[in-house]
Amino acid sequence: MRTEVQHWRRGALLLLVLAFPAQSGELSATVHQRFVDSRQPPTWRPVEADEAARFQLGQAVFNSAWLPAGAERAERRDGLGPVFNATSCDACHNNGARATAPTDEGRLPIGFVMQLGLADAATTPLGDVLNPVAIEGYRAEGGVVLNYQLREVHYPDGSRAELREPRYQLQGPRVAELSAQTVLKPRMASPLFGSGLLDAVPPRAFTPLGDSPGRFGWQAGTRSVRDQTAKAFSREMGLHSADYPMDDCGDDALCAAAPEGGEPEVSEDFLQALTLFQSVLAVPRAEPLDAEAEQQGAELFQRTGCTACHAPSLPVEGIQGISAIAAYTDLRRHDLGEELADRRLDGEIIKSRWRTAPLWGIAHLPRAGHLGLLHDGRARSVEEAVLWHAGEADESRRQFMALPKSQRDRLLDWTLRR
Ligand code: HEC
Ligand code: HEC
C-alpha cells in the first residue's frame, strides 16, 4: 500500500494506523512528500500521539520571533541578543528551506551568515559569527558587502555559461578589531529537510574508523540536529542554553554583561521540541520525470562520476520501514578546489573541505526565492553549481562539460528533481 499520508493530520493518520496495523512499517516510509501548506509541513514518519504536543511546540518555537530580555508578553521567548543576526529560526530557514539566493547586485538574505575563524581554532574578538544587528543600547558588530564578478565558462562544444564569483568586504563599528588572518566563512542557512534521516545513517557508512564525526553543516562540523540548534541560538540569536551557555559576544564585555532572559534563556523543553520538529520533516518531492528521462538521467549522473560523492543510496538504522535513503550524499568532506575555498581577510586562500551537499529536495525554493546553491549561495542553477566543482571533482566536471548539450540538459533536469 502506498499512501500520500500527510502525517501532520494526526487525526486521519491515527485512523489509517488503526485500519492497517500490520502495514504501519510502510506507512512510516514516505520520505518524499509534497509541501503544500507551510503551516503544516509534512513529516516522513507519523508524529505519534504522545509527541504531538512537542511537535507543535517545536514548530511554534521555530517560527516565533524572540524578544530582548525582560520584554513584555515574551512568554519564555526573551533574551535575544544583545547582538544577533535574526530573531527566529524561520527568518533564515524559510519553512525549513535554505536561505534565499543573494541577488546579482549583491543583496544578501537574512539567512546568509558570515562566520569568522582563526587558523588555530581560536575565537575572534567578534566571536564565531559576525552579528549585524543589536538590541537597543548595544553595538552591532558590522555587516557584509558582497560584489559579484561575472565570468564566462566555455564548453568544448562552443556554448557558454556565466558564473558569479563572490568578493566580500566587511564594514562596521568593530570590524577593525579583526586581524588580517581572520578567515571569512560565508554560509547560507542550509535546508533542514530529512535531517532526522541523515541522523540515522550509521557512522560506519561514511567513516572508515567508525568514530562519529559531524554530519551537519556545510563542512559537517556539527554532530546532531540538537547541537546545531543550540549553536544557532547562541551564535546567531544571542540566546544561551544548557548546551551553549554563552552568547556570541567575543571580547565585548558590555555584550557579555547584558541582562539575561532566563537561566538558561532557551529551556530544555524548547530544545527538545525543536529537535523533534526538525528531525521528522519530510523531503520535498519534485515533479517526477517520465521513466525514460529518469533512467537516462541516472545513467548520466553515474557516468560523469557524480555518484562518487553524491551517493544514490545510504543505509539508515533504527527506523521502521526504511533501510536506505536516496539523499545523494556520502556525508564525507571533499576539497573542491581553491575557487570554492574560504579566504582570509588578507586574501589568502584556506584549504577547505565541504560535505557533499545532499541533493534531495534541492528544487524546493525558499519563499519568493531563486536557487542559491553551494555553501555561499553563488550558484543560481544546478549548472552553475556543477561548473564550480573542481579539486576532487575536477574530472567529473570535465566529463559533464564534454557531454552534448542535450545530455547536459537531461542530467541537470534530473538532478533538480531528486
Ligand atoms: C541568521 C541565520 C540563521 C538563524 C537565525 C538560524 N540558522 Fe540554522 N543555519 C544557518 C546557517 C548559515 C547554517 C549553516 C551553518 C554551517 O554550515 O556552518 C545553518 C545550519 C543549520 C542546521 C544544519 C542543517 C544541515 O543539514 O546541515 C540546522 C539543523 C539548523 N541550522 C537549525 C536551526 C535552528 C533550529 C534555528 C533556530 C534556533 C536556526 N538554525 C537559526 C543560519 C541560521
Ligand atoms: C568529489 C566529490 C563530488 C563530485 C564528484 C560531485 N560533487 Fe557535487 N558537490 C560536492 C560537494 C562537496 C558539494 C558542496 C559544495 C559546497 O558546499 O560549496 C557539492 C554540491 C553540489 C550541488 C549544490 C547542492 C546544494 O545544496 O547547494 C550540486 C547541484 C551538485 N553538487 C551536483 C553535482 C553533479 C551533477 C555532479 C556530477 C556532474 C557532482 N555534483 C559531482 C561533491 C561532489
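These numbers were taken from a predicted model, which means no experiment stands behind them.

Chemist: Quick rundown of the site of ligand 2? Include the residues and the values.
Modeler: Around ligand 2, 26 residues are found, and the nearest of them are Cys-306, Cys-309, His-310, His-375 and His-389. Within the backbone of Leu-374, an N or O atom sits 2.7 Å from an oxygen atom of ligand 2. His-375 is positioned such that a nitrogen or oxygen atom in its side chain is 2.7 Å from an oxygen atom of ligand 2. Counting residues per element, the ones that place at least two in the shell around ligand 2 are strand E14 (354-355) and helix H10 (382-387). Sorting elements by how many residues they give to the shell around ligand 2 places H10 first, with three residues. Per-class residue counts for the shell around ligand 2 are 14 nonpolar, nine polar and three charged.

Chemist: Could you give an account of the environment of Arg-378, with specific residues and numbers?
Modeler: Mapping Arg-378 onto the fold places it in the loop between E14 and H10. Relative accessible area serves as the criterion here: at 3%, Arg-378 is assigned to the buried category. Each residue touching Arg-378, except ones within four places of it in the same chain, is listed here: Tyr-148, Arg-164, Pro-166, Glu-339, Leu-340, Leu-373, Glu-384 and Trp-388.

Chemist: Go over the side chain of Glu-236, please, and point to the residues and values.
Modeler: By the element assignment, Glu-236 lies in helix H6 (residues 225-236). Arg-235 is the oppositely charged side chain nearest to the buried, salt-bridge-free Glu-236, at an N-O distance of 4.4 Å. Once residues lying within four places of it in the same chain are set aside, the contact partners of Glu-236 are Phe-84, Asn-85, Ala-86, Val-113, Val-129, Asn-131 and Lys-231.

Chemist: I'd love a proper account of the pattern of salt bridges, names of residues and values included.
Modeler: A full pass over the atoms with the stated rule returns 30 salt bridges. Salt-bridge contacts for Arg-408 lead to Asp-157; the nearest nitrogen and oxygen are separated by 3.2 Å. Taken together, the residues Arg-408 in helix H12 (residues 405-416) and Asp-157 in the loop between strand E5 (143-154) and strand E6 (160-171) connect sequence positions 251 residues apart. Given the relative accessible area of 44%, Asp-157 is considered partly exposed.

Chemist: Please provide a residue-by-residue account of the nonpolar core, values included.
Modeler: Buried together is how nonpolar side chains tend to be arranged in soluble globular proteins. By size, the foremost hydrophobic cluster in this structure holds 48 residues, and its most contacted members are Met-114, Leu-116, Leu-170, Phe-301, Leu-387 and Phe-400. Where this core is concerned, the elements lending two or more residues are strand E3 (112-117), E5, E6, strand E7 (183-188), helix H9 (291-303), H10, helix H11 (394-402) and H12. Here this core takes four residues from E6, the largest share from any one element. Counting residues domain by domain, this core receives three or more from each of domain 1 (10-46 + 281-341 + 349-416) and domain 2 (57-279). Not counting the four nearest positions on each side in its chain, Leu-387 is found in contact with Val-153, Tyr-155, Ala-161, Leu-163, Arg-397, Phe-400 and Met-401. Membership of the second largest hydrophobic core comes to 44 residues, among which are Ala-200, Val-201, Leu-271 and Phe-277.

Chemist: Which residues make up the site of ligand 1, and what are the values?
Modeler: Within the structure, ligand 1 sits among 26 residues, and Cys-89, Cys-92, His-93, Gly-217 and Trp-218 are positioned closest to it. Within the side chain of Gln-115, a nitrogen or oxygen atom sits 2.8 Å from an oxygen atom of ligand 1. Within the backbone of Trp-218, a nitrogen or oxygen atom sits 2.8 Å from an oxygen atom of ligand 1. Mapped onto the shell around ligand 1, the elements with two or more residues apiece are helix H4 (89-93), E3, E7 and H6. If you tally residues by element for the shell around ligand 1, the top one is H6, at five residues. Class assignment for the residues of the shell around ligand 1 results in 14 nonpolar, nine polar and three charged.

Chemist: Please provide a residue-by-residue account of the coordination of the iron atom of ligand 2, values included.
Modeler: When a metal carries six donors in an octahedron, the ideal angles between them are 90 or 180 degrees, while four donors in a tetrahedron ideally lie at 109.5 degrees. Taken together, the protein ligands of the iron atom of ligand 2 are His-310 (NE2) and His-389 (NE2), with distances of 2.0 Å. Metal-centred angles of 87 to 179° between the six donor atoms at the iron atom of ligand 2 mark the site as octahedral. Of this pair, His-310 sits in the loop between H9 and strand E9 (314-315) while His-389 sits in the loop between H10 and H11, and the two are 79 residues apart along the sequence. Classification of His-310 as buried rests on a relative accessible area of 13%.

Chemist: Which residues make up the layout of surface pockets, and what are the values?
Modeler: By volume, the second largest pocket amounts to about 330 Å³. Of all the secondary-structure elements, those providing two or more residues to the lining of the second largest pocket are E6, E7 and strand E12 (342-344). A total of four residues in the lining of the second largest pocket trace back to one element, the largest contributor, which is E6. Residue composition of the lining of the second largest pocket, by class: eight nonpolar, two polar and nine charged.

Chemist: Describe unusual backbone geometry, listing the residues and the values that go with them.
Modeler: For the peptide bond that leads from Gly-81 to Pro-82, omega is 15°, which places it in the cis range. Located in the positive-phi region is Asn-94, a residue other than glycine, with phi close to 40°. Along the chain, Asn-94 falls in the loop between H4 and E3. You can call Asn-94 buried: its relative accessible area is 7%. A positive phi angle, near 55°, is found at Asn-95, a position not held by glycine. Structurally, Asn-95 is set in the loop between H4 and E3. Of the residues examined, Asn-95 reaches a relative accessible area of 26% and is grouped as partly exposed.

Chemist: Would you mind going over helix H8 (residues 268-279) in detail, with residue names and values included?
Modeler: Each α-helix turn comprises 3.6 residues. Residues three or four places apart therefore point the same way. With twelve residues, H8 ought to run about 16 Å at 1.5 Å a step, and its terminal C-alpha atoms sit 16 Å apart, in line with that. Burial in H8 covers these residues: Phe-270, Leu-271, Ala-273, Leu-274, Thr-275, Leu-276, Phe-277, Gln-278 and Ser-279. Buried positions along H8 lie against helix H3 (52-63), H4, helix H5 (195-198) and H6.

Chemist: So, the domain arrangement of the chain: which residues are in play, and what are the values?
Modeler: In terms of domain boundaries, the chain breaks down into domain 1 (10-46 + 281-341 + 349-416) and domain 2 (57-279). Taken over C-alpha atoms, the centre of domain 1 sits 23 Å from the centre of domain 2. Counting residues at the interface gives 59 residues for domain 1, matched by 53 residues for domain 2. Interface area, domain 1 with domain 2, both sides summed: about 4,600 Å², of which 59% is carbon and sulfur. Among the residues domain 1 hides against domain 2, the three largest losses belong to Leu-281, Arg-367 and Arg-380. Together they make up 15% of the total. At the junction of domain 1 and domain 2, the tally comes to six salt bridges. Between Asp-104 and Arg-380 there is a salt bridge; the shortest N-O distance is 3.2 Å.

Reading guide: rules and limits
Residues numbered from 1 in each chain as written. Chains lettered and ligands numbered in written order. Predicted model: local features only at pLDDT ≥ 70, side-chain atom pairs only at ≥ 80, totals over all residues. Heavy atoms only, no water. Near = heavy atom within 4 Å. Polar contact = N/O pair within 3.5 Å; in protein donor to acceptor, adjacent residues only side chain to side chain. Helix = DSSP H or I, 4+ residues; strand = E, 2+ residues; numbered from the N terminus. Nonpolar A, V, L, I, M, F, W, Y, C, P; charged D, E, K, R; others polar. Buried < 20%, exposed > 50% of the residue type's maximum accessible area, 1.4 Å probe, protein only. Contact = heavy atoms within 4.5 Å. Lys, Arg positive; Asp, Glu negative; His and termini not counted. Salt bridge = Lys/Arg side-chain N within 4 Å of Asp/Glu carboxyl O. Core = buried A, V, L, I, M, F, W, Y, C linked by side-chain atoms within 4.5 Å. Domains from an automatic or database assignment. Donors = N, O, S within 2.8 Å, 3.2 Å for Na, K, Ca; no water. Tetrahedral: all angles 85-135°; square planar, octahedral: opposite > 155°, others 65-115°. 1 Å grid on protein atoms, 1.4 Å probe; cavity = no way out; pocket = protein on both sides within 12 Å on 5 of 7 lines; lining within 4 Å. Points joined across faces, edges and corners; volume = space filled by probe spheres on them. Expected span 1.5 Å × (residues − 1). Buried area = accessible area lost by both parts, 1.4 Å probe.

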